[in-house]
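Chain by chain, the residues:
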Amino acid sequence: MTQRTKAFLLLLGVALLGAGSGAQVPPAARPDPVKEKRLEWFRDVKYGMFIHWGLYAIPAGQWNGTRSPGLGEWVMFRSRVPVKEYEQLAAQFNPTKFNADEWVKLAKEAGMKYIVITSKHHDGFALFKSAASPYNVVDATPFKRDILKELSDACARAGIRLGFYYSQSQDWHEPNGAGNEWDFGPDDKKDYDRYLQGKAEPQIRELLTHYGKVALIWFDTPRMMTGDRPHRFTRIVRQLQPDTLIDGRLGAEGDYTSTGDNVIPPNVNGQAWEVPATINHTWGYRTDDTDWKSPGQIAFKLIDIVSKGGNYLLNVGPMADGMIPQASQDILRTVGRWLQVNGEAVYGAGPTPFGEELGEASARGARDIRGDALMYQQIQWRVTTKPGKLYITFFDEPRAPFALPAVRNSLKRAYRLADKQPVELKMENGRAVLNLERPIIDPMATVVVVEFDGATIERTKS
Ligand code: FHN
């Protein structure tokens, strides 16, 4: 990939964690043992599948023959479609090619360890049977099948964790939900608690009651989440399923931090966090967005995130017939094949003990508009760790010999993870150096394992 071979430097803002439209609320500084226990699986899995699916897959980025710019799932808002018109899409929703087992199989082949699906997005339409609102897939569509039930059963069969995205604040279908000011007037004149108590809170109860063990609830865009409102959701979650995680966009402290959409923080962060990200540019399907990230870009982002201590929640936007776009499937499976061979460097791996490979602060002390230092990102190599092992992933053929940062531990041996072939490792001027055979084994990403004495790396003081 030319980006990598040229080894160019990207300018990135520091402290992006928490930036972006929906992101917020860093967790408390002092570790809470109950929360840490809840988070154990989340810290290990590293890579999940986000699914944005709903009525918006039918117009797929157009309204009445006119292109509706922006995110596919925002078509109702962008084109100011009246509720009475938009809700007619429900009568057309008949995804006969939907097969929950196929979706779960794809996630597994992709190497993804958890799935999060939109149970109700901002348009207010629920992909599950709900007594709280008839605007749902079972009661309002010819399809009549409970998508979440089928998906949760398929996940249980395959042993993969399932979480539910739920738009708690914005609901453009409801007179008192946030966001729809073209049908219902200004948000500040609405009886918002009436909406919360009449639809959102009961639906969260339904999600936590009818679909088995729920891995997490992924709240989003916390508008008007003041006073006791977010805490009412927390209480429902904790009461019904105490192990269910709450993301970082409820409007009160959750279990982990959600970064801004597609925002990868520049440095290591020890708190639990997750990057929600698109595989093209939209979340919900749109016919005209075919600008897919390559498998190499996805692999880089995944390892970059893991090397900083986070999780990557990568989105697919199924089409109206229930199929996940073929391009998404192909990209995910290519990364999945790489993970089958190199997954040891990812799953359950800790962050880099170094940091110099991530980049460096701008020498001129440049700052972004929030006053944070800007950083030049390096993209040649990343490091992840397990006790006694360093995993060095090269995205470019490194200069030979490749000198590791100086450490106190004695280094025992080095080998390629993919085929276990030894890599020459020797000491030169007090630094360990690797001599990799050329060309490197996998130009997408080659992992070299370096085994060392002791459980963790101790840096040499400079
Ligand atoms: O408005 C939503 C958007 O449609 C999408 O669901 C993303 C996913 O993180 N969240 C909001 C914007 O941040």
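Residues numbered from 1 in each chain as written. Predicted model: local features only at pLDDT ≥ 70, side-chain atom pairs only at ≥ 80, totals over all residues. Heavy atoms only, no water.

The next subject is the site of the ligand. Around the ligand, a shell composed of 15 residues is seen, among which H52, E73, H122, D220 and D261 lie nearest. Between W74 and the ligand, the recorded distance is 2.9 Å, taken from a side-chain N or O atom to an oxygen atom. With respect to the ligand, the side chain of D261 contributes an N or O atom lying 2.7 Å from an oxygen atom. Burial of the ligand by the surrounding chains reaches 98%, relative to a free accessible area of 330 Å². Classifying every residue of the shell around the ligand by side-chain character gives five nonpolar, six polar and four charged. (Near = heavy atom within 4 Å. Polar contact = N/O pair within 3.5 Å; in protein donor to acceptor, adjacent residues only side chain to side chain. Areas by Shrake-Rupley, 256 points an atom, 1.4 Å probe, with all protein chains shown as cover. Nonpolar A, V, L, I, M, F, W, Y, C, P; charged D, E, K, R; others polar.)

Before going further, it helps to examine unusual backbone geometry. Residues apart from glycine generally show negative phi values, whereas peptide bonds are mostly found in trans. The step from A400 to P401 runs through a cis peptide bond, and the omega angle for that step is -5 degrees. Structurally, P401 is set in the loop between strand 15 (389–394) and strand 16 (402–403). At the junction of R438 and P439, the peptide bond is cis and its omega measures out at -10 degrees in the coordinates. The residue P439 is located in the loop between strand 19 (431–435) and strand 20 (446–452) in this model. Despite not being glycine, K144 shows a phi value in the positive range, around 60 degrees. (Helix = DSSP H or I, 4+ residues; strand = E, 2+ residues; numbered from the N terminus.)

Pairing is antiparallel in the open sheet, where four strands are placed in the order 14-15-20-17. Each having just a single partner strand, strand 14 (381–386) and strand 17 (411–416) make up the two edges of the open sheet. The mean inter-strand angle of the sheet, taken between neighbouring strand axes irrespective of direction, is 20 degrees. Taken together, the six bridges between strand 15 and strand 20 define a ladder with antiparallel strand orientation. (Pairing = 2+ DSSP bridges. Axes fitted to C-alpha atoms, helices over the stretch in contact; angles between N-to-C directions.)

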